[in-house]
Amino acid sequence: MIIAGVDEVGRGCLAGPVTAAAVILHHPIPGLTDSKKLSAKKRTQLSAIIQQDASFSFGHVQNDEIDKINIHQATLKAMQEAIINLPITPDLVYVDGKFIPNVEMNCEAVIGGDMLISEISAASIIAKVYRDEIMTELDKKFPVYGFANNKGYGTAQHLAALKKSGYTNFHRLSFKGVIV
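As a starting point, this report considers the structure included with it. (Residues numbered from 1 in each chain as written. Predicted model: local features only at pLDDT ≥ 70, side-chain atom pairs only at ≥ 80, totals over all residues. Heavy atoms only, no water.)

1. Considerations on a nonpolar patch on the surface
At step 1: A grouping of Y167, L173 and I179 is seen on the molecular surface, where their side chains present a nonpolar patch of about 290 Å² in accessible area.
At step 2: Within the fold, I179 resides in the segment after α7 (156-165). (Patch = residues over 30% accessible without salt bridge, like charges linked within 9 Å, V, L, I, M, F, W, Y side chains within 5 Å. Areas by Shrake-Rupley, 256 points an atom, 1.4 Å probe, with all protein chains shown as cover. Salt bridge = Lys/Arg side-chain N within 4 Å of Asp/Glu carboxyl O. Helix = DSSP H or I, 4+ residues; strand = E, 2+ residues; numbered from the N terminus.)

Structure (structure tokens):
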């Protein structure tokens, strides 16, 4: 049976895309767990191993579309895109959380799945590393917001920068705190 795991990152951010990954592991990979439980260095190391030894794909919904359809729908759309773009069609897809994206595949929602199912853990890790890289690149264009450190979350530095400098075209205008 071919099993895929799906997870998203960036749901609560004030800027940048919501990113999902879908992963089919071909071999067990030691050390997989929820990406938030790992150091940045360990996540990067595991992400490289996962991408060498698994089938995977990403899905993204940009901030302007998040503002149009809301973050919940955007998250499901990113997950749907990641699942559909897998190079192999899985028999079963485990989705982290309570909600399942609209795909014509057998899916099961698993609350806390990134701690329970290796495929979801792997998806959590590669999605986080990939999105963090996007935000680090954005930091080069907009250093005042501290994206390299906060990855778009509403830290004190980020909120202060929004008050002082306003928002960028990468901010989610429908999120509280962005327009002040």
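2. Some thoughts on helix α1 (residues 40-53)
At step 1: Over its 14 residues, α1 runs 20 Å from end to end, which matches the ideal 20 Å to within 8%, given 1.5 Å per residue.
At step 2: Inspection of α1 places R43, L46, S47 and I50 among the buried residues, and these make up the whole buried set. One face of α1 carries all of its buried residues, which in axial projection span an arc of 110 degrees. Opposite its buried face, α1 presents the exposed residues K41 and Q52, each directed more than 90 degrees away. (Expected span 1.5 Å × (residues − 1). Buried < 20%, exposed > 50% of the residue type's maximum accessible area, 1.4 Å probe, protein only. Arc of directions from axis to C-beta.)

3. Thoughts on the sheet that holds strand β3 (residues 54-61)
At step 1: Within the open sheet, the five strands sit side by side as β3-β2-β1-β4-β5. Their pairing is mixed. In this open sheet, the two edge strands, each paired with only one partner strand, are β3 and β5 (107-110). Across this sheet, the average inter-strand angle for adjacent strands is 20 degrees, counted without regard to direction.
At step 2: Here strand β1 (residues 3-9) pairs with strand β2 (residues 18-25) via five bridges, running antiparallel. Bridge assignment links V6 to a residue of β2, and that residue is A22.
At step 3: In the packing of α1 onto the sheet, the strands contacted are β2 and β3, and the crossing angle to β3 comes to about 115 degrees. (Pairing = 2+ DSSP bridges. Axes fitted to C-alpha atoms, helices over the stretch in contact; angles between N-to-C directions. Contact = heavy atoms within 4.5 Å.)

4. Brief notes about unusual backbone geometry
As a rule of thumb, non-glycine residues mostly have phi less than zero, and peptide bonds are mostly trans rather than cis.
At step 1: The phi dihedral of N70 falls on the positive side, at around 85 degrees, and the residue is not glycine.
At step 2: Counting through the fold element by element, N70 comes out in the loop between α2 (63-69) and α3 (71-84).
At step 3: Given a relative accessible area of 40%, N70 falls into the partly exposed group.
At step 4: Positive phi, close to 55 degrees, is recorded for K151, a residue that is not glycine.

5. Overview of the packing of α1 against helix α5 (residues 118-141)
At step 1: Packing of α1 against α5 brings their axes to within 9 Å, and their N-to-C directions diverge by 115 degrees. Classed by the angle they form, the pair α1 and α5 counts as roughly perpendicular. Two packed elements cross with a definite hand, and for α1 against α5 that hand is left-handed. The segment α1 lies against α5, with R43, T44, L46, S47, I50 and Q51 engaging A122, I125, I126, K128, V129 and D132. (Parallel < 35°, antiparallel > 145°, perpendicular 65-115°, else oblique. Left-handed = near helix turned anticlockwise from the far one by under 90°.)

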